[in-house]
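An overview of the molecular structure
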Amino acid sequence: MKIGILALQGAFQEHKNILDSLNIDNCLVKTKEQLKDIDGIILPGGESTAMGKLLRDFDILEPLKEKIKNGFPVFGTCSGMILLAEKLSNSEVVHLGVMGIEVKRNAYGRQLGSFETLGDFKGIDKKVKMVFIRAPYVENIKEGVEILSVVNGNITAVREKNMLAVSFHPELTDDTSVHKYFLDIVKNFKK
Ligand code: GLN
């Protein structure tokens, strides 16, 4: 199993460090050709407008979208969640638009822009460390989307088949449980 990490912008190195610590073969993805060699991809946090533009400029957006629609496992964190969403409640732009969620960008406003907490996550039997940085959250879900985590009444993690999206940054903690959850999705997809 080899996991790609989209490395156009944002916190990709931190995801790499986590996968390295778990001894999972991985590579940084900067071209569409590299999509062929991997079994799943992580879309990191960063700035979704910049990341969306780079995805288009490098012609990765369409091939990646097609792969995800055909069941390719994807894990979006923070900006990555925004890229996956079919609708953004406070922006006209849609990027990959593959996941049946409506997401609000910078949903916590300025005052609570960044915070850290321990939260429940369905399928992980311990509290998960969650770091939020100018984070989005999910405002609406379509049928078929499973809610995995709710923090302060807001949906912060969701899964729809091969797609996992969280509004926090698991890669900025020493807690590898959400990455392991994603790796299980990839293993089952390969069967
Ligand atoms: N606010 C950023 C955006 O809209 C996301 C922040 C993050 O990834 N930490 O893309």
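Rules used throughout
- Residues numbered from 1 in each chain as written.
- Predicted model: local features only at pLDDT ≥ 70, side-chain atom pairs only at ≥ 80, totals over all residues.
- Heavy atoms only, no water.
- UniProt positions renumbered as here; feature names shortened; annotations may be inferred.
- 1 Å grid on protein atoms, 1.4 Å probe; cavity = no way out; pocket = protein on both sides within 12 Å on 5 of 7 lines; lining within 4 Å.
- Helix = DSSP H or I, 4+ residues; strand = E, 2+ residues; numbered from the N terminus.
- Buried < 20%, exposed > 50% of the residue type's maximum accessible area, 1.4 Å probe, protein only.
- Contact = heavy atoms within 4.5 Å.
- Near = heavy atom within 4 Å.
- Polar contact = N/O pair within 3.5 Å; in protein donor to acceptor, adjacent residues only side chain to side chain.
- Sits in = over half its atoms within 2 Å of the grid points.
- Nonpolar A, V, L, I, M, F, W, Y, C, P; charged D, E, K, R; others polar.

1. A short note on the UniProt feature "active site" (unreviewed entry) in the protein
Here, UniProt's "active site" (unreviewed entry) annotation points to Cys 78, His 169 and Glu 171. The named residues occupy 94 residues along the chain; their greatest pairwise C-alpha distance, 10.8 Å, places them in one compact cluster. Of the annotated set named above, Cys 78 and His 169 line the largest pocket. Inspection of the secondary structure assignment puts His 169 in the loop between strand S12 (163-166) and helix H5 (177-190). Using a relative accessible area of 5% as the deciding quantity, one classes His 169 as buried. Setting aside chain neighbours within four positions, we find His 169 in contact with Gly 45, Cys 78, Val 131 and Ile 133. Residue position: Glu 171 is located in the loop between S12 and H5.

2. Quick word on the site of the ligand
Neighbouring the ligand are Gly 45, Gly 46, Glu 47, Ser 48, Cys 78, Ser 79, Ile 82, Arg 105, Asn 106, Ile 133, Arg 134 and His 169. Within the contact set of the ligand, an oxygen atom lies 3.0 Å away from a side-chain nitrogen or oxygen of Ser 79. According to the grid-proximity analysis, the pocket containing the ligand is the largest pocket. Its residues assigned to classes, the shell around the ligand comprises 3 nonpolar, 6 polar and 3 charged.

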